[in-house]
Amino acid sequence: MKSYIKKYGKYIDYPLLFAYLVLTIFGLIMIYSASMAWSVNYYNDPPSRFYKQQLLNLAIAYPVFLIAAVFPYKHFKKKWMMATVLAVIFTGLILVHFIGFAAGGAKSWISLGFANIQPSEVAKVGLIFYLAGVFSNKYRNGSINKLNESIIPPVIILTAVLILVFFEPDLGSMVIIGAVGLSVMAASGVRLKPFVKLAGIVITATAIVIVPMMLFAQDIIFTEKRMGRIDAFFNPFSDELGFGFQIVNGYLAIGSGGLSGLGLGQSIQKLGYLPEPHTDFIMSVIAEELGVLGVVVVIGGLGFVVLRGLWIAMTTSDPLARMLAAGVASMIGIQSFVNLGGLSGIIPLTGVTLPFISYGGTSVILLSLAMGVLMNVSMFNKYEKTKK
């Protein structure tokens with residue numbers, strides 16, 4: 001390990017590190033601003049309740065990032081690592097159905113006593129590591145395009161994860177996990193025709209299980225809250241005091257911010273009009289308080305991380321590095337789109353947080369883990385270019 005750090009440590013990707021730190025610190029500041037009134041009014045706690053908790057989350061996330069940045073990423077293609085990752089993923093996704101508790105309409109959280117974790121968040125990152133490891137091995141031994149021998153097993157794993165997440169039911173996370181899984185496969189080097197078959201197999205297999213459940217368990221899947229979100233997506237102002245309440249007030253927050261905003265801490269909509277403004281709708285508070293300039297900082301930072309990750313994926317010579325970088329970049333990009341698309345009315349609300357910005361321990365720690373791996377890959381890529 002010491003020799004690895006000495007070998008690659010001087011090739012730190014400083015722009016990527018800077019973007020990561022700016023996003024997490026900016027998110028911490030906005031969590032404090034967005035959650036002050038919510039903490040006092042709904043929890044009868046000091047205004048700094050969520051700020052202090054997120055500060056503790058970052059105190060864990062930063063070392064996780066550092067460890068992932070120096071841990072040789074090539075271990076992810078080893079069988080013991082892939083088996084460990086799968087064991088963690090399925091243990092969490094199965095246990096959540098027995099000992100989990102509901103939050104936001106989905107039974108997606110497990111209490112550890114000292115902390116709560118969200119297994120679907122673990123699955124997002126874990127599947128990137130697993131699929132990248134599997135497909136990199138198949139690429140090297142020349143069987144990447146042989147569906148029956150090499151591709152079907154990981155596709156079965158991906159489909160099983162999607163079904164378990166659907167049964168929580170957490171539809172937003174299911175869509176993100178499926179899209180990220182297909183992104184890793186697309187970066188694996190598989191030819192277009194086998195890839196189309198892969199995507200078809202995943203979608204068909206998932207639908208075979210899910211469609212009957214949707215028909216026979218409509219009360220569980222099509223809850224009043226979910227149907228209300230769909231109605232609010234088409235016409236939020238038809239029920240602006242009901243299911244359209246959150247998105248309408250999100251629009252008001254975004255519209256009142258203007259170019260420079262009302263000023264940090266001066267949001268009106270966070271004073272009870274936006275339920276839990278420090279999570280899914282934190283961008284609305286940013287737009288209201290810091291205006292277009294604040295929105296540009298967030299979207300610019302997230303966009304830079306995504307593009308940097310894709311650039312690393314396209315310029316590296318190592319298949320494993322390519323898939324890891326593409327997977328991390330696609331996860332951050334897709335989740336950002338789902339969050340911002342929901343609050344802006346482009347797609348229905350799904351309850352997905354904004355990466356690095358929204359409050360949440362499981363999210364920021366796992367995102368830091370993924371960013372550390374991306375940094376690791378970037379350092380390797382720089383070293384390889386210098387050596388050549």
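What you are looking at is a predicted structure, and each value in this text was computed from that prediction instead of being measured. (Residues numbered from 1 in each chain as written. Predicted model: local features only at pLDDT ≥ 70, side-chain atom pairs only at ≥ 80, totals over all residues. Heavy atoms only, no water.)

1. Observations regarding the overall build of the protein
Applicable threshold: Here a helix means four or more residues in a row that DSSP labels H or I, a strand means two or more in a row labelled E, and each is numbered from the N terminus. Each residue is placed in one exposure class: buried if its accessible area under a 1.4 Å probe, protein chains only, is under 20% of its type's maximum, exposed if it is over 50%, and partly exposed if it falls in between. Throughout, a residue-residue contact means that at least one pair of heavy atoms, one from each residue, lies within 4.5 Å. Using a 1.4 Å probe, the Shrake-Rupley method yields the accessible areas, and only the shown protein chains count as cover for residues.
Helix and strand counts for the protein stand at 14 helices and 3 strands. Across the 388 residues of the protein, 51% fall into the buried class. A separation of at least 24 residues holds for 74% of the contacts in the protein among residues at least 6 apart in sequence. A total of about 17,200 Å² of accessible surface is found on the protein, and carbon and sulfur atoms cover 69% of it.

2. Re the packing of aromatic side chains
Within a pair of aromatic rings, the relevant descriptors are the distance that separates the centres and the angle that separates the planes. Selection criterion: Side-chain rings of Phe, Tyr and Trp (the six-membered ring for Trp) are treated as a pair once their centres are within 6.5 Å; stacked means planes under 30 degrees apart, edge-to-face means over 60, and tilted covers the remaining angles.
Overall, the coordinates contain 11 aromatic pairs when judged by the stated rule. Pairing Tyr-73 with Phe-380 gives two aromatic rings, centres 5.4 Å apart and planes at 70°, and the pair type is edge-to-face. Taken as a pair, Tyr-73 in the loop between α3 (49-70) and α4 (79-99) and Phe-380 in helix α14 (residues 361-387) lie far apart in primary sequence, 307 residues in all. One aromatic cluster is present, formed by Tyr-20, Tyr-62, Phe-65 and Phe-356 through successive ring pairs.

3. Thoughts on the side chain of Ser-378
Defined as follows: Two N or O atoms count as a polar contact when they lie within 3.5 Å, although within protein this holds only if one can serve as hydrogen donor and the other as acceptor, and sequence-adjacent residues are included solely when both atoms are side-chain atoms.
Within the element layout of this structure, Ser-378 appears in helix α14. Reaching out from Ser-378, the side chain makes a polar contact with the side chain of Asp-13 at a distance of 2.7 Å. When near neighbours in sequence (up to four residues on either side) are disregarded, Ser-378 contacts Asp-13 and Ile-312.

4. So, the pattern of salt bridges
Just so we agree on the cut-off: We define a salt bridge as a side-chain nitrogen of Lys or Arg found within 4 Å of a carboxyl oxygen belonging to Asp or Glu.
Taken as a whole, this structure holds 5 salt bridges when the rule is applied. The salt bridge involving Asp-318 is made with Arg-140; its shortest N-O contact spans 3.2 Å. Taken together, the residues Asp-318 in the loop between α12 (282-315) and α13 (319-344) and Arg-140 in helix α5 (residues 119-140) connect sequence positions 178 residues apart. Judged by relative accessible area, Arg-140 falls into the exposed class, the value being 52%.

5. Describing unusual backbone geometry
The residue Asn-44 is not glycine, and still its phi comes out positive at about 55°. Considering the arrangement of structural elements, one finds Asn-44 in the loop between α2 (14-43) and α3. Judged by its relative accessible area of 68%, Asn-44 is exposed. We note that Phe-356 has phi near 70°; this positive angle belongs to a residue other than glycine.

6. Considering the packing of α4 against α5
The axes of two packed helices give the description: the angle between them and the distance between them. Just so we agree on the cut-off: To get an axis, a line is fitted to the C-alpha atoms, and for a helix only the part in contact is used. The angle between two axes follows their N-to-C directions and goes from 0 to 180 degrees. Roughly parallel means an angle under 35 degrees; roughly antiparallel, over 145; roughly perpendicular, 65 to 115; everything else is oblique. Rotating anticlockwise by less than a right angle from the far helix to the near helix defines a left-handed crossing, while the corresponding clockwise rotation defines a right-handed one. Residues are grouped as follows: Ala, Val, Leu, Ile, Met, Phe, Trp, Tyr, Cys and Pro are nonpolar; Asp, Glu, Lys and Arg are charged; every other residue, Gly included, is polar.
At a closest axis distance of 9 Å, the pairing of α4 and α5 adopts a crossing angle of 150°. As far as their axial angle goes, α5 and α4 are roughly antiparallel. In the packing of α4 onto α5, the handedness of the crossing is left-handed. Contact with α4, carried on its side by Met-82, Val-85, Leu-86, Val-88, Ile-89, Gly-92, Leu-93 and Val-96, involves Pro-119, Ser-120, Val-122, Ala-123, Gly-126, Leu-127, Tyr-130, Gly-133, Val-134 and Asn-137 of α5 and no other residues of that element. For the contact of α4 with α5, the class distribution of residues is 13 nonpolar, 5 polar and no charged.

7. Here we look at the sheet that holds strand β2 (residues 106-111)
Short version of the rule: A pair of strands is treated as paired once DSSP finds two or more bridges between them.
Taken in spatial order, the 3 strands line up as β1-β2-β3 in an open sheet, and their pairing is antiparallel. Whereas interior strands pair on both sides, the edge strands pair on one side only; in this sheet they are β1 (101-103) and β3 (116-117). Two strands pair when backbone bridges link them, and β1 and β2 are joined in this way by 3 bridges, in the antiparallel orientation. Pairing of Ala-102 across the sheet is with Lys-107, part of β2. Running at roughly 100° to β2, α4 makes contact with β1 and β2 of the sheet.

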